[in-house]
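Coordinates in review
Read off the chains here:
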Amino acid sequence: MDVKMEQSWKDCLADEFEKPYFTQLTDFVREAYRKGTVYPPGALIFNAFDRCPFDKVKVVLLGQDPYHEPGQAHGLCFSVQDGARFPPSLINIFKEIQADLGKPAPKNGDLTRWADQGVLLLNATLTVYAHSAASHQNKGWEVFTDAVIHRLASRREQIVYILWGSYAQRKGAMIDRRRNLVLESPHPSPLSASRGFFGNRHFSKTNEYLIETGQDPIDW
């Protein structure tokens, strides 16, 4: 199957695109876009991969589901399009960056600047119906994104995996913690941020590890 994706990822995942589940997933997604409003825009489904080639990945930040309201999702987890209001989790992420690194919150919530530095902003599910959270779960996306993590975990090392919340932590079970840095805490959602997300210092810890392993730190 010819999937429109950045070439290094396309080569790495070529066998995945030929599996029956991916054919079924593709059929479902095409029909969903044909029948109704789906986010992100179709051309941005694989934006996380297009902005961060396989060999450039330094950090993996795992989200669960794209935002499901207009003007938000653009294929990068936790990120919103320029001009969109900051969702509560993103507000808390910026609060933690300010507390950890002393950087004031930016004026827009577009995290493309992180992706371009080697942060793979990967949602477990890559599409969603408008106004309907988690509506494309259990259609095959989770199998696909598990394969993405498995490829990284088996072929790369010295990557920082940032896992917020139990869902992301379960998805990270295949990562070799002797060859990578795995950072875990509660999710930045207002429901859980005060239970350990605030004060996790994941942004400075990520940069310390990257510097120790001879990599450029992220300008958060």
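Everything quoted here is computed from the prediction, not taken from an experiment. (Residues numbered from 1 in each chain as written. Predicted model: local features only at pLDDT ≥ 70, side-chain atom pairs only at ≥ 80, totals over all residues. Heavy atoms only, no water.)

Structural notes on the sheet that holds strand E6 (residues 181-185)
Defined as follows: Any two strands between which DSSP finds at least two bridges are classified as paired. Think of it this way: any DSSP run of H or I at least four residues long counts as a helix, any run of E at least two long counts as a strand, and we number them from the N terminus. Only the contacting stretch of a helix is used when fitting its axis, a line to C-alpha atoms as for every element, and angles between N-to-C directions run 0 to 180 degrees.
Spatially, the four strands line up as an open sheet ordered E3-E2-E5-E6, and their pairing is parallel. Each having just a single partner strand, strand E3 (119-123) and E6 make up the two edges of the open sheet. Each strand axis lies, on average, 15° off the axis of its neighbour in the sheet, ignoring direction. Sheet topology places strand E5 (residues 160-164) next to E6; five bridges connect them, and they run parallel. Counted as the bridge partner of Ile-162 is Leu-183 from E6.

Description of the packing of aromatic side chains
What counts, and what does not: Any two of the Phe, Tyr and Trp rings considered here, Trp counted by its six-membered ring, make a pair once their centres fall within 6.5 Å; the pair's planes then place it as stacked at under 30 degrees, edge-to-face at over 60, or tilted in between.
The final tally for this structure, using the stated rule, is 20 aromatic pairs. One aromatic cluster is present, built from ring pairs that chain together Trp-9, Phe-17, Tyr-21, Phe-22, Phe-46, Phe-49, Phe-54, Trp-141 and Phe-144.

Brief notes about the nonpolar core
To keep it simple, the criterion reads: Put simply, a nonpolar core is a bunch of buried Ala, Val, Leu, Ile, Met, Phe, Trp, Tyr and Cys residues held in one set by side-chain atoms that sit within 4.5 Å of each other. Partly exposed describes any residue whose relative accessible area lies between the buried limit of under 20% and the exposed limit of over 50%, with all areas from a 1.4 Å probe on protein chains only and scaled to the type maximum. Residues count as neighbours in contact if any of their non-hydrogen atoms are within 4.5 Å of one another.
Counting 67 residues, the largest nonpolar core has Trp-9, Trp-114, Leu-120 and Phe-144 as its most contacted members. Per-element accounting of this core gives the leading share, six residues, to helix H6 (residues 141-155). When near neighbours in sequence (up to four residues on either side) are disregarded, Trp-9 contacts Phe-49, Cys-52, Pro-53, Phe-54, Val-57, Leu-120, Val-148 and Leu-152.

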